[in-house]
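Close look at the chain arrangement
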Amino acid sequence: MTTSNGDSGTSLAVDLNGVAFPTPVLAASGCFGSGREMAAALDVRRIGGIVTKSVTLGPTKGLPTPRMVEVDAGMLNAIGLQNPGVEEFLAKDGPFIASLGVPVILSIAGKSVQEFAQVAIQTRDMPGVVAIEANISCPNVERRNQVFACHPEQAIEVIATMTRLTTLPVFAKLTADVTNIVEIADACVHAGAHGVTLINTLLGMAIDVESFRPRLAAVTGGLSGLAIRPVAIRCVYQVAQALPGVPIIGVGGISTARDAIEFLLAGAWAVQVGTANFANPDATIQIADGIGQFLAARGLSSPADLTGKVERSERVAEPAYRSG
Amino acid sequence: MIRARCEVLSNRRSGAYVSLTLVAPEIAEQAKPGQFIEIGVPEDRTFMLRRPFSIHQASRRGGWAGTLEIVFDVVGRGTAWLAEAKPHDTLDVIGPLGRSFTYPRELRTCLLVGGGYGAAPLYFLAEELRARNKLVHMVIGARDHGRVFKPIEAKRLAATVVVTTEDGTMGERGRVTDVLDALLERTGAQVVYACGPNPMLRAVAERCRDLQIPCQVAVEEMMACGLGVCWTCVVPVIGMDSRGWWNVRSCVEGPVFNGARVWWDRWLGEAPPPPAEEPAPEREAERVQASP
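Every value quoted in this text rests on a predicted model; they were computed, and no experiment measured them.

1. Some words on the overall build of chain B
Looking only at helices and strands, one finds 8 helices and 16 strands in chain B. If one aligns the C-alpha atoms of chain B with their principal axes, the spans along those axes are about 55 × 45 × 35 Å. Within chain B, the fraction of its 292 residues that count as buried is 48%. Considering only residue pairs separated by 6 or more positions, chain B has 66% of its internal contacts joining residues 24 or more positions apart.

Written as C-alpha cells, this is what we have:
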C-alpha cells in the first residue's frame, strides 16, 4: 500500500498548518539517526518524515555505559545527547538529508539559550529540513535546570530566541515530568512555537537487586516504549483541549497503527515512532499503512478526520488541571 | 544487512549452553567471523528489544549449507524464550551486523583466546584463518567443565589447545589470563584474537599492548537497536593520534576493536587488583607443544 488510495479517496498526507508530511507517521528523534544507517534496513523514502537525532553546537561525548536497560514494556536510556556537533553533522548528514526526498525535522539541543541559538543559525539553510524540533526536554542532562521545558520562563526564552533566528517553524518538544504541561505548551506557543511535540521520555530509574546498584551508569534515564503511552495520550489530550488549532505531534509508546490512532483521537495531528524502530525497522511504514486501512474501512479521507475526535461523556468531571 | 524470517533447524544443548541452528542462506553467505545477528522477540508487548548473538558458525558448503549457528546462555527473558524455540519455528532475524575480525596479511601464528560461550565466534574465525594458511592456537576458559565451549571442536581446529577452568574440573585450574604469558611465549603468537567477558578482554588486550602484539577483541555492551541509531552500545575508543577519544558504537564500528585502542579504564572502571594466582603448573609447556 502506498501513501494514498485512489479508489476510496483516502490520503495519508497531513498538513500541520503549513508543514506537510506524506503520512502522519514520523521517526522520532534519537531512534532513527538521520536515516542514513536505517537506509540499509528499510526503504526510508516510504516514511512520513524523520526527526534527526538531536544536534548540539560542539561534539558531545555523552554518558558512560551501561546506557540502556530494558524494563517491563519499555526501556530506559541515558545517552547524554552524544553527537558529533553541528559542523560535522552538516558535513556528514547534510548531503544525505538534502537528497533524501523525505521531510526532515531537525532536532536541536543545548545547554544554554545561546547554544540553541547558535545551532539554529548554523543550520539555517539546510536543504530537506522542513522544521526544527527544539529538544528542551531531554532528561539526560547534567543538571535538572537544563531541562528548559520544566520551567515556563526558560522554555519561553529558548523558543523565542530560536523563532527569531530561523525562518523554519519550530516545534517545542516537551516533557510530561511537570505539574502542568498545558502551561508549558501555552508558554511555548506564545513565544512563537509553531507546534508542540508531546512527549519526551519520562525520567526513570532501575536498580539491580543482586548488586544493589543502579542499572544505568548515569543512575537515572529516560523511560520510553509501550509503558509511557497512557501518559503521552493524556498530555496530548490536555494540550489539544486547551490549545485548539496548535499542531501537536504525539509520541510515546507507539508500535502499532492502533496506538497511533489513539494519539490522533486524543488530538495529535501527526505522530512519531521511537523505540519501536529498534524492534521493527519497518514500524513507521507499517503503522502508516495500518492507519490508511483504518481510514478506508471507515470511509474517512484523511488522518485529520481522526484528530481530536475522542468523545467524552458529559458526566465526566472536569480534570483538575483546568482549575489549576 | 538482511532481514529475514528464518526457520529453526535445530535447538540442542551444548554443554551448559543452548545451540540454535537457523536456516538463513543469505545471511550465512555474507557472514564473517565476529559479526552478529539480531533476533526479534515475540510481539507480546511486555518486552520488545531484539537480542544480539554473535555468529558461531556460518556454513556455506556441505550438508549444513545455508545455515547459521548461535550459542547462548539463558540469562534473561529473551534467551529464556529463545531456548524454547522448536525446529520449524521461524524467527525474525537481521544480519550479518557489525565489523568482523580481520586477518593478518604477513603474520602467521595466531592465538585465539575465548571465555565461556563468548568463545563461540572463535571457531568460525579459526576455520577462516586456517583457510588462509595461518597457524591457529587456542586457549578457552570457563567457570567449570560444563561451560568449556566445544573443547573437541577446538582440538579439531587448532594446532594446540589449552583449557582452563576456575574450579579445575577440566584442563588447568585458573583463568585464561593465568596461562596467557606462557602461551604467548610457547606459541610465538604474532596476532591475538579474544572473545569473552569484558574483564577477560581487558586483561588480554592490556597484556598484548604491553608486549606489542596486535590484539583484536570482540566486545559486548548493552544494545537496543544493533543498527547504529540508538547509541547505547558504545565503547570509549582512543583516536589514531593517541590523543582524543570518542564513544564508538559496538554495533557498527565494532563489535571487533583493536584492543590497544579501547580505553578500558574509562569503559570498565579502574583495573581491579590482580587476582591471587597459583603458579602456572610445570606441565603447561608440554600441553602447549603437544599436537592434536
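2. A short note on the overall build of chain A
Looking only at helices and strands, chain A features 10 helices and 18 strands. Taking 2.2 N^0.38 as the reference for a compact globule, 324 residues should give roughly 20 Å; the C-alpha atoms of chain A span a radius of gyration of 19 Å, in line with that estimate. Taken over the C-alpha atoms alone, chain A extends approximately 50 × 50 × 45 Å along its principal axes. Out of the 324 residues belonging to chain A, those deemed buried represent 56%.

3. Focus on the nonpolar core
Counting residues in hydrophobic clusters, the biggest one holds 200 residues, and the most contacted among them are Ala172(A), Val196(A), Val236(A), Ile37(B), Tyr193(B) and Val204(B). Excluding its chain neighbours within four sequence positions, the residues that come into contact with Tyr193(B) are Phe101(B), Cys110(B), Leu112(B), Val113(B), Leu122(B), Leu125(B) and Gln216(B).

4. Details of the interface of chain A and chain B
The interface of chain A with chain B comprises 26 residues on the first partner and 25 residues on the second. Of all the secondary structure elements, the ones that give two or more residues to the side of chain A that touches chain B are strand 7 (68-71), strand 8 (74-77) and helix 8 (276-279) of chain A. Per-element accounting of the side of chain A that touches chain B gives the leading share, 3 residues, to strand 7 of chain A.

5. A word on the sheet that holds strand 16 (residues 220-224) of chain A
Within a sheet, neighbouring strands are paired by backbone hydrogen bonds and run either parallel or antiparallel to one another. Residue and element names in this part refer to chain A. Ordered in space as 7-8-16-13, the 4 strands form an open sheet in which the pairing is antiparallel. Edge positions in the sheet fall to strand 7 and strand 13 (202-205), since each has one partner strand and no second. On average, each strand axis in the sheet is inclined to that of its neighbour by 40°, with strand direction left out of account. The sheet contact formed by strand 8 and strand 16 spans 3 bridges and is antiparallel. Of the residues in strand 16, the one forming a bridge with Leu 76 is Leu 223.

6. Examining the pairing of strand 4 (residues 51-54) of chain B
All names here are of chain B. Side-chain alternation along strand 4 places Arg 51 and Phe 53 on one buried face and Pro 52 and Ser 54 on a second face that is also buried. Pairing analysis gives 4 bridges linking strand 3 (residues 36-39) to strand 4, with the strands arranged antiparallel. When the bridges of strand 4 are listed, Ile 37 appears paired with Phe 53.

7. Concerning helix 6 (residues 198-211) of chain B
All names here are of chain B. Across its 14 residues, helix 6 extends 20 Å between first and last C-alpha, which sits within 8% of the 20 Å expected from 1.5 Å per residue. Listed in full, the buried residues belonging to helix 6 are Met 200, Leu 201, Arg 202, Ala 203, Val 204, Ala 205 and Cys 208. Residues of helix 6 that are buried sit in contact with strand 8 (109-115), helix 5 (176-187), strand 12 (191-195), strand 13 (215-218) and helix 7 (264-268). Two residues or fewer after helix 6 comes Gln 212, characterised by a positive phi angle close to 60°.

8. Section: the packing of helix 5 of chain B against helix 6 of chain B
Angle between the axes and distance between the axes: these two values describe a pair of packed helices. All names here are of chain B. At a closest axis distance of 10 Å, the pairing of helix 5 and helix 6 adopts a crossing angle of 25°. One finds that helix 5 runs roughly parallel with respect to helix 6. Of the two elements, helix 5 crosses helix 6, and the hand of that crossing is right-handed. Contacts from Val 176, Thr 177, Leu 180 and Leu 184 of helix 5 reach helix 6 at Met 200, Ala 203, Val 204, Arg 207 and Leu 211. Considered class by class, the residues forming the contact of helix 5 with helix 6 number 7 nonpolar, 1 polar and 1 charged.

9. Notes on the pairing of strand 8 of chain B
Residue and element names in this part refer to chain B. Counted residue by residue, strand 8 has 6 buried out of 7 residues, so it is predominantly covered. Both strand 8 and strand 9 (residues 135-142) contribute to a ladder of 7 bridges, which runs parallel. Counted as the bridge partner of Leu 111 is His 137 from strand 9. Traced from strand 8 through helix 3 (residues 121-131) to strand 9, the parallel crossover comes out right-handed.

10. Here's the deal with unusual backbone geometry
In this chain, Leu198(A) is followed by Ile199(A) through a cis amide linkage whose omega measures 10°. Tracing the chain through its elements places Ile199(A) in the loop between strand 12 (195-198) and strand 13. The phi dihedral of Trp231(B) falls on the positive side, at around 60°, and the residue is not glycine.

11. Quick word on the environment of Arg51(B)
All names here are of chain B. When you line up the elements, Arg 51 lands in strand 4. For Arg 51, a count of 22 C-beta atoms within 10 Å puts it in the buried group. Distance from Arg 51 to Gly 40, taken between C-alpha atoms, is 6.6 Å for residues 11 residues apart in sequence. Residues in contact with Arg 51, not counting those within four places in the same chain, are Glu 38, Ile 39, Val 41, Gly 78, Thr 79 and Leu 82.

What counts, and at which threshold
- Residues numbered from 1 in each chain as written.
- Chains lettered and ligands numbered in written order.
- Predicted model: local features only at pLDDT ≥ 70, side-chain atom pairs only at ≥ 80, totals over all residues.
- Helix = DSSP H or I, 4+ residues; strand = E, 2+ residues; numbered from the N terminus.
- Buried ≥ 20, exposed ≤ 12 C-beta atoms within 10 Å, placed from the backbone.
- Contact = placed C-beta atoms within 7 Å.
- Rg over C-alpha atoms; globule rule 2.2 N^0.38 Å.
- Core = buried A, V, L, I, M, F, W, Y, C linked by C-beta atoms within 7 Å.
- Pairing = 2+ DSSP bridges.
- Axes fitted to C-alpha atoms, helices over the stretch in contact; angles between N-to-C directions.
- Expected span 1.5 Å × (residues − 1).
- Parallel < 35°, antiparallel > 145°, perpendicular 65-115°, else oblique.
- Left-handed = near helix turned anticlockwise from the far one by under 90°.
- Nonpolar A, V, L, I, M, F, W, Y, C, P; charged D, E, K, R; others polar.
- Right-handed = clockwise from strand over helix to strand, strands pointing away.

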